[in-house]
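Listed here are the chains, written in short residue letters.
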Amino acid sequence: MNNFTLLLFFTLIFTSSPAQDKNSVSEFRGKGRTGIYQESNLLKVWPAAGPVELWTVDNIGNGFVSPVF
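Model, not experiment: these values are computed from the prediction.

Student: Would you mind showing me how to read the overall build of the chain here?
Tutor: Tallying secondary structure elements over the chain gives one helix and zero strands in all. Looking at the chain as shown, the accessible area adds up to about 7500 Å², and 60% of this sits on carbon and sulfur atoms.

Now the structure itself:
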């Protein structure tokens, strides 16, 4: 019975949908799957060196998937 209770608990936790923020991206390519994002305060001119690199991933092997989902 204990395993069933744990299974039920995790099923409810991982399948429940949290409240959606109007700015959250919860679908592929954004709301309506159009690929159009209503962002504000974007740069008009980018630096010559490009944006700052926030993180990198090394040694992930060969494959067809991204390390970020």
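So that's the structure; there's more coming.
Student: Would you explain the packing of aromatic side chains in this entry?
Tutor: The description of an aromatic ring pair rests on the distance of the ring centres and on the angle between the ring planes. Tallying each qualifying case throughout the model produces one aromatic pair. Note on Phe9 and Phe10: the rings are 5.3 Å apart at their centroids and 70 degrees apart in plane angle, and the pair reads as edge-to-face. Judged by relative accessible area, which is 45%, Phe9 ranks as partly exposed.

Student: Hey, could you run me through unusual backbone geometry in this one?
Tutor: One can expect most non-glycine residues to show negative phi and most peptide bonds to be in trans. Within the chain, Asn41 stands out as a residue other than glycine whose phi angle is a positive 60 degrees. Mapped onto the secondary structure, Asn41 falls in the segment after helix H1 (2-15). The exposed category is assigned to Asn41, whose relative accessible area is 79%.

Student: Sorry if this is basic, but what is going on with a nonpolar patch on the surface here?
Tutor: On the surface, a cluster of nonpolar side chains totalling about 540 Å² of accessible area is made up of Leu6, Phe9, Phe10, Ile13 and Phe14. If you trace the backbone, Ile13 turns up in helix H1.

Here is what the cut-offs are and how they apply
- Residues numbered from 1 in each chain as written.
- Predicted model: local features only at pLDDT ≥ 70, side-chain atom pairs only at ≥ 80, totals over all residues.
- Heavy atoms only, no water.
- Helix = DSSP H or I, 4+ residues; strand = E, 2+ residues; numbered from the N terminus.
- Areas by Shrake-Rupley, 256 points an atom, 1.4 Å probe, with all protein chains shown as cover.
- Phe/Tyr/Trp six-rings, centres within 6.5 Å; stacked < 30°, edge-to-face > 60°.
- Buried < 20%, exposed > 50% of the residue type's maximum accessible area, 1.4 Å probe, protein only.
- Patch = residues over 30% accessible without salt bridge, like charges linked within 9 Å, V, L, I, M, F, W, Y side chains within 5 Å.
- Salt bridge = Lys/Arg side-chain N within 4 Å of Asp/Glu carboxyl O.

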